[in-house]
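Geometric and topological summary
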Amino acid sequence: MDAETILRNNFPHPAMDFFAMRNSAINYLQQLAGEEWTDFNEHDPGVTILDQLCYAITDLSYRTNYDIRDLLAGKPAYNGRVETPPNPKDPFQREIHKDTFFTLDEIMPCHPLTVNDWRRLIIDGVDKIRNAWIEPLNEDFSHPIGIYRILVEAEENHLYKEVDEKKSAAEQKKQEEENNKEIIDAVRAIFHTNRNLCEDLESVNVLRKREVKIIASIEVDESAHSEEILAKIFFKITDFFSHPIRRYPLNQMLEKGYTVGTIFNGPRLKNGFIPDEELYPLTTQIYYSRIIRAILDLPEVNNICDFRIEGADDDKKVLPLNDMEVPVFSLKTSDIGENGIKLLKNNIAVYLDKNLVTSYYEALRLSQPRPFIQGQHKQSLRAFDVKLGRDRKVGEYRSVQYEFPPVYGIGEFGVGDNASESFMTSESGGKKRTSTRRAGLAQQLKGYLLLFDQVLANYLEQLASVPMLFSIDPQIKRTYFPAMKLDVPRLEPLLKKSAATFANSSQEEYPGEAIHAIDDEMMRMQKSKLMFANEYSYREALDEITNAGDNYFERRNRFLDHLLARFSIAMPARMYEDTNWYFSTIESLHEFILEAKTAALQYVDLLTERRGQAPMFIYQNATAWLESYVRLRLGIVDSTLSLRLEFYKMAEKLIEQNIPARTIRVKNGKREINHLHGLVKNDIAESDEFQPYDQAEKDEDQRRFDVPEFYEELKNNRLHIDMDMLRNGYYANYYRFGKLEGQDTISVIYRDPEDNAASDDRSWKIIGKYPDITSAINGILSLSSFLRYMNLETEGLHIIEHLPLRPPLNDLKFETELLDASGAALLHSKAAFYCEEEQEEIVRKFYAMGRRQDAYTIAPVREKWSVELRDDLHEVFAHSTKLYSTRHEAHSAIEKMIQRCVDLFIKGDTQDESFRFRTLHNGVEIPQLSFYSLSITVIMPTWTARFSNPGFRKTISQLLRNYAPAHISITEFFLEPSEMIEFEDLYEQWRKAWTENDTAVESLGIKLSILMNNYYREIKR
């Protein structure tokens, strides 16, 4: 076996090899010098400088080669960077992440999706339950898709404990009901906190205990301890009926062979992981054979005879359980002897001490492993967390000038007594004094080396700033970080100072006659402009130069894109640039893009984990994470996650208040609008009398007017604003200003850019009149800025699930209507149907009886006539949907009904085309139950510039469908301000009622579903 050795010159990077780098540099110098090159020795100053710089570069290379965890461990601050406080409007009330480096438990779990996921979450989250099952209700006429019921088995400390004799039966029942209510409330809270879109809960039921009494004769080994083996049999049966669910820490799951991806493929649990094999199905029948097999698994048991279960079907050898029952087996209900379980040895019954059996049973129960150990799960997770690196303090730089021999005079003590040009004079009292020339030469060399020091220090400062480059802190506004503080000996006299610093400096600050002379010389050079202007100091100029070369947006955007890509999220800047309607400068647009991406990364763990989660209605402003994701992708970064109703009302009033400012009349069958200020023809607007506002818009111009108070100014000035201007009036270049003939005031005119009329037919609206040009320009800026502000404030969307709007399903009534060819109702069924078979029976009656003349009768109703359709038993099962004035009119209607039924019978039309099935709640027609199944509606404004653009609407539609769960149907509607006010007012009432557990939530939900269903009907029309 070869001996292991440490290889010399085994450098991870060539820049870490001092001698190779030094030789390479000398060879390069030889090529540059050519024939002038002489064989300089190591004591040559140039070679000394080369040695020091090569050594410093090896140090830089060594630090660069640190593990990335070590580089990310440091957290340098820059320009007083402070931590961002938690967002008070965040429904989860958590601190905002500053980076995207998550632990296993933070990023790996997902939202509960499967039945087993829900079982794990409920069992882990509620302390007083032993097991839980969740069942989807089948879709029928009274249940839409997505409704569940949860069954739970309550935990008992001792299944065999004696009844408390001190409490009456009524008191025990009351205590049990209180415990059950506490369990039900806890399970409901878990479900509604974690439910998915288009899912809801019908009921939570605590299963009743079904005491199972077994009667059997069991043959055991003669050598077996009778009481001990009977305790084992009881324990085996108890475990068979109610299997305790164990939870495992991460290390034990890995030992069982599970991969990390499989282990965390489910919801986040607090007490340990639950594998699938622990989740037994709900027992609905108890078979004799399975219990017998479980008992025979004990080695001491030889045979079982005369086995039966009290109350079971002895012929089928099975005990059926009711829908809400769970079997239990305990010592208190189990007899020992002839009326229960008895043991046989050599066919002879054995005497058994029940107290001793109970003691053995208790010992067996206590010897079993606990379902989980408090705190063990969290401790195991911490053991597998990514270990934080060691902060190597890579940004600390010590100047190479410290390493030079003292004779150079550039070190810590400067030019001392060893200087070659020190001298004594009588004036100096016989003391040595360093010459000005010698000090100047040393300072000159220091200035030369300072260039290298600054470059090397900048490199290390940038390396130390890696955590900030990968940070998502919105406070970071640069990507290049110069070294502002240098550890260079006697540095201050060399640094360029600003004029203010020179004015306040004195010789005492820099003692030493020679050094002060150098300082004065530098000041004279700056003033004579032989150096850079003196308004900036060295550090200020360094910061300015670095900022000038920092392409901040491009570099920051690339870092954020990289971080987003790690979570499979793409937010291309092109999408925002192509839909830029609101930002007058590229800088403000870039700031907007970075803000949107940073906001997405701050919540990326929740956005990826909870992408299908429904809103938690216990919070007033909570929204679905699908809605949050789309908002962030579209750059709607309003942290309230809610549209603002007052702005819709403001938008509507801006239009309504202009009605007195214009008159509407009908001329020659056409509707004309005469504006108060009038219109300007296109040829006049494009003449020399009017000029466009073609100055470059500035952000400060916009910010002057984006305040709600400007709304009052608009109303007071009676400016004309319509829907087109809300949509497109944000751009100041769409306006012109000038004087009309015969007028002294300056008119501001506007034409919508979407006006595609011919040039001669175009007209410009006069939106206001001003006394001078300055006021007119300010009016243009204020109006365009405010409209931009209104666009931004009223952008957003609502995602509404249909399922939570449903009324109580047991109060519904379903009726059938026969339709004519145009879709109008002819006959209305009297009887309601409650299942598919009843619906089909009513349709068959319409087909069979509707073609017979003798099946129709005419009955008087309040001085009018109604048509009735009878079945074979001559009972009325349908009547006409309207009343007729005369019998003759009723007879004519019957002929139409008969002909309609004959045509349907011959053509074989489907039910959907010839019948309409109505769903009624307390006599009010509501949407059919299919409306509530797996459907969401997205409500958006139609008046903003972006949301009115077809391309942008397509982008929204693609985002919704790419991110939403695939089984959910999505429909988008764009509402006008008045429609949005109606919807939001009702929606906010319903949300508030839901949050406050108000009984009005039912009626408000019905009204909201009817309103939304009207939008769908408009589409069909």
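What counts and what doesn't
Residues numbered from 1 in each chain as written. Predicted model: local features only at pLDDT ≥ 70, side-chain atom pairs only at ≥ 80, totals over all residues. Heavy atoms only, no water. Helix = DSSP H or I, 4+ residues; strand = E, 2+ residues; numbered from the N terminus. Buried < 20%, exposed > 50% of the residue type's maximum accessible area, 1.4 Å probe, protein only. Contact = heavy atoms within 4.5 Å. Areas by Shrake-Rupley, 256 points an atom, 1.4 Å probe, with all protein chains shown as cover. Polar contact = N/O pair within 3.5 Å; in protein donor to acceptor, adjacent residues only side chain to side chain. Pairing = 2+ DSSP bridges. Axes fitted to C-alpha atoms, helices over the stretch in contact; angles between N-to-C directions. pLDDT = per-residue confidence, 0-100. Patch = residues over 30% accessible without salt bridge, like charges linked within 9 Å, V, L, I, M, F, W, Y side chains within 5 Å. Salt bridge = Lys/Arg side-chain N within 4 Å of Asp/Glu carboxyl O. Phe/Tyr/Trp six-rings, centres within 6.5 Å; stacked < 30°, edge-to-face > 60°. Lys NZ or Arg CZ within 6 Å of the ring centre and 35° of its normal. Core = buried A, V, L, I, M, F, W, Y, C linked by side-chain atoms within 4.5 Å. Parallel < 35°, antiparallel > 145°, perpendicular 65-115°, else oblique. Left-handed = near helix turned anticlockwise from the far one by under 90°. Nonpolar A, V, L, I, M, F, W, Y, C, P; charged D, E, K, R; others polar.

Moving on: the overall build of the protein chain. On a plain count of helices and strands, the protein chain comes out with 34 helices and 30 strands. Across the 1021 residues that make up the protein chain, the buried fraction comes to 47%. Taking the contacts inside the protein chain whose residues are at least 6 apart along the sequence as the reference set, 75% of them involve residues at least 24 apart. In the form shown here, the protein chain has an accessible surface area of approximately 54200 Å², with 50% of it arising from carbon and sulfur atoms.

Turning our eyes to something else, we now look at the environment of D391. Assignment of secondary structure puts D391 in the loop between α12 (376-383) and β12 (422-423). Linking D391 and G74, residues 317 residues apart in sequence, is a C-alpha distance of 5.2 Å. There is a polar contact of 3.1 Å between the side chain of D391 and the backbone nitrogen of K393.

Our focus in this paragraph is the sheet that holds strand β20 (residues 763-770). Strand pairs in the sheet, formed through backbone hydrogen bonds, run parallel or antiparallel to each other. Pairing is antiparallel in the open sheet, where 5 strands are placed in the order β16-β20-β19-β18-β17. Pairing within the sheet leaves two strands with one partner each, and these edge strands are β16 (679-681) and β17 (690-692). Adjacent strand axes in the sheet meet at a mean angle of 35°, parallel and antiparallel pairs treated alike. As judged from the 5 bridges shared by strand β19 (residues 746-750) and β20, these two strands associate in the antiparallel manner. In the sheet register, Y750 faces β20, and the bridge partner there is K765. In the packing of helix α28 (residues 773-793) onto the sheet, contacts are made with β18 (735-738), β19 and β20, and the angle to β18 comes to roughly 165°.

Further remarks concern the confidence of the model for the protein chain. The pLDDT averaged across the protein chain works out to 79; a share of 80% of its residues lies at or above 70. Here residues 639-645 scores under 50 on pLDDT; set against residues more than four positions off or in separate chains, the count is 26 contacts. This model gives residues 655-673 a pLDDT under 50, and the stretch forms 32 contacts once residues within four places in sequence are excluded.

Right, let's talk about a nonpolar patch on the surface for a bit. Where nonpolar side chains cluster on the molecular surface, the patch consists of Y28, L29 and L32 and spans about 330 Å² of accessible area. Take L32: it is sitting in helix α1 (residues 18-33). Assessed through its relative accessible area of 58%, L32 is described here as exposed.

Mapped onto the elements of the fold, S628 is located in helix α22 (residues 625-634). Relative accessible area serves as the criterion here: at 5%, S628 is assigned to the buried category. Here the side chain of S628 touches T623 through a polar contact of 3.3 Å, side chain to side chain.

Further remarks concern the packing of aromatic side chains. Aromatic ring pairs are reported here in terms of the distance separating the ring centres and the angle at which the planes meet. Enumeration according to the criterion identifies 29 aromatic pairs in this entry. Taken together, F617, F983, Y987, W990 and W994 form an aromatic cluster joined through their ring pairs. If you follow R398 out to its NZ or CZ, it ends over the ring of Y402, 3.8 Å from the centre. Note that R953 overlies the ring of F974, its terminal NZ or CZ placed 3.7 Å from the centroid.

Here we take up the nonpolar core. In this structure, Y735, F846, Y856, L869 and F983 are the most contacted members of the largest nonpolar core, which totals 74 residues. In terms of nonpolar packing, the next biggest core, distinct from the first, is built from 49 residues, L563, F567, A964 and I968 among them.

As for its position among the elements, Y397 is in the loop between α12 and β12. Measuring from C-alpha to C-alpha, the distance between Y397 and L456 comes to 8.0 Å, with 59 residues separating the pair along the chain. In contact with Y397, other than residues within four places in its own chain, are D453, L456, A457, L460 and D487. Within the local environment of Y397, its side chain forms a polar contact with the side chain of D453, the two groups lying 2.5 Å apart.

Oppositely charged side chains are able to pair whenever their charged atoms sit close together. Scanning the entire structure with this criterion turns up 34 salt bridges. Residue E815 is joined to R918 by a salt bridge in which the shortest nitrogen-to-oxygen separation is 3.3 Å. Within this pair, whereas E815 is found in strand β22 (residues 812-819), its partner R918 is found in strand β27 (residues 915-921), the two being separated by 103 residues in sequence.

Let us look at the pairing of β18. Here β18 shows a buried face lined by Y735 and F737 and a second buried face lined by R736 and G738. Inspection of the sheet shows β17 paired to β18 by 3 bridges, in the antiparallel sense. Across the sheet, P692 pairs through a bridge with R736, a residue of β18. Sheet analysis places β18 next to β19, joined by 4 bridges and oriented antiparallel. Bridged to R736 within β19 is I749.

This brings us to the packing of helix α5 (residues 115-125) against helix α6 (residues 169-194). In contact at an axis separation of 10 Å, α5 and α6 are set at 135° when each is read in the N-to-C sense. Between α5 and α6, the angle falls in the class oblique. Note on packing geometry: the crossing formed by α5 with α6 is right-handed. Where α5 approaches α6, its residues W118, L121, I122 and G125 are matched on the opposing element by V187, I190, F191 and N194. Residue composition of the contact of α5 with α6, grouped by class: 6 nonpolar, 2 polar and no charged.

Once that is clear, we can look at the packing of helix α18 (residues 552-565) against helix α20 (residues 586-602). A packed helix pair is summarised by two numbers, namely the angle formed by the two axes and the spacing between the axes. At a minimum axis distance of 10 Å, the contact between α18 and α20 shows a crossing angle of 25°. Taken together, the axes of α18 and α20 are roughly parallel relative to one another. The two elements α18 and α20 meet at a crossing, and its hand is left-handed. Between α18 and α20, the residues in contact are Y552, F553, R556, N557, L560, D561, L563 and L564 and H590, I593, L594, K597, T598, A600 and L601, respectively. For the contact of α18 with α20, the residue count by class is 9 nonpolar, 3 polar and 3 charged.

With that out of the way, let us pick up the sheet that holds strand β5 (residues 214-220). Read from one edge to the other, the open sheet built from 4 strands follows the order β7-β5-β10-β11, with strand pairing classed as mixed. Where the open sheet ends on each side, the last strands, each with one partner, are β7 (301-309) and β11 (348-349). Where strand β10 (residues 341-345) meets β11, 2 bridges bridge the pair, whose relative direction is antiparallel. By the bridge assignment, K345 is partnered in β11 with I348. Across the face of the sheet, helix α7 (residues 226-241) comes into contact with β5, β7 and β10 while running at roughly 135° to β10. Here helix α10 (residues 288-296) sits on the sheet in contact with β5 and β7, set at roughly 155° to β7.

Bringing unusual backbone geometry into the picture now. Across residues other than glycine, the phi torsion is negative in most instances, and most of the peptide bonds are trans. One non-glycine residue, D306, lies in positive phi territory at about 55°. Looking at the element boundaries, D306 is found in strand β7. In this structure, K317 takes a positive phi of about 55° despite not being glycine. Within the secondary structure layout, K317 lies in the loop between β7 and β8 (318-320). Overall, the relative accessible area of 44% leaves K317 in the partly exposed class.

A few words on the environment of S399. Within the element layout of this structure, S399 appears in the loop between α12 and β12. The class of S399 is buried, set by a relative accessible area of 1%. The spatial distance from the C-alpha of S399 to the C-alpha of L53 is 10.0 Å, given a sequence separation of 346 residues. Beyond its immediate sequence surroundings of up to four residues, S399 is in contact with D453, D487, V488 and P489. Here Q401 takes part through its backbone nitrogen, which lies 3.0 Å from a polar atom of the side chain of S399.

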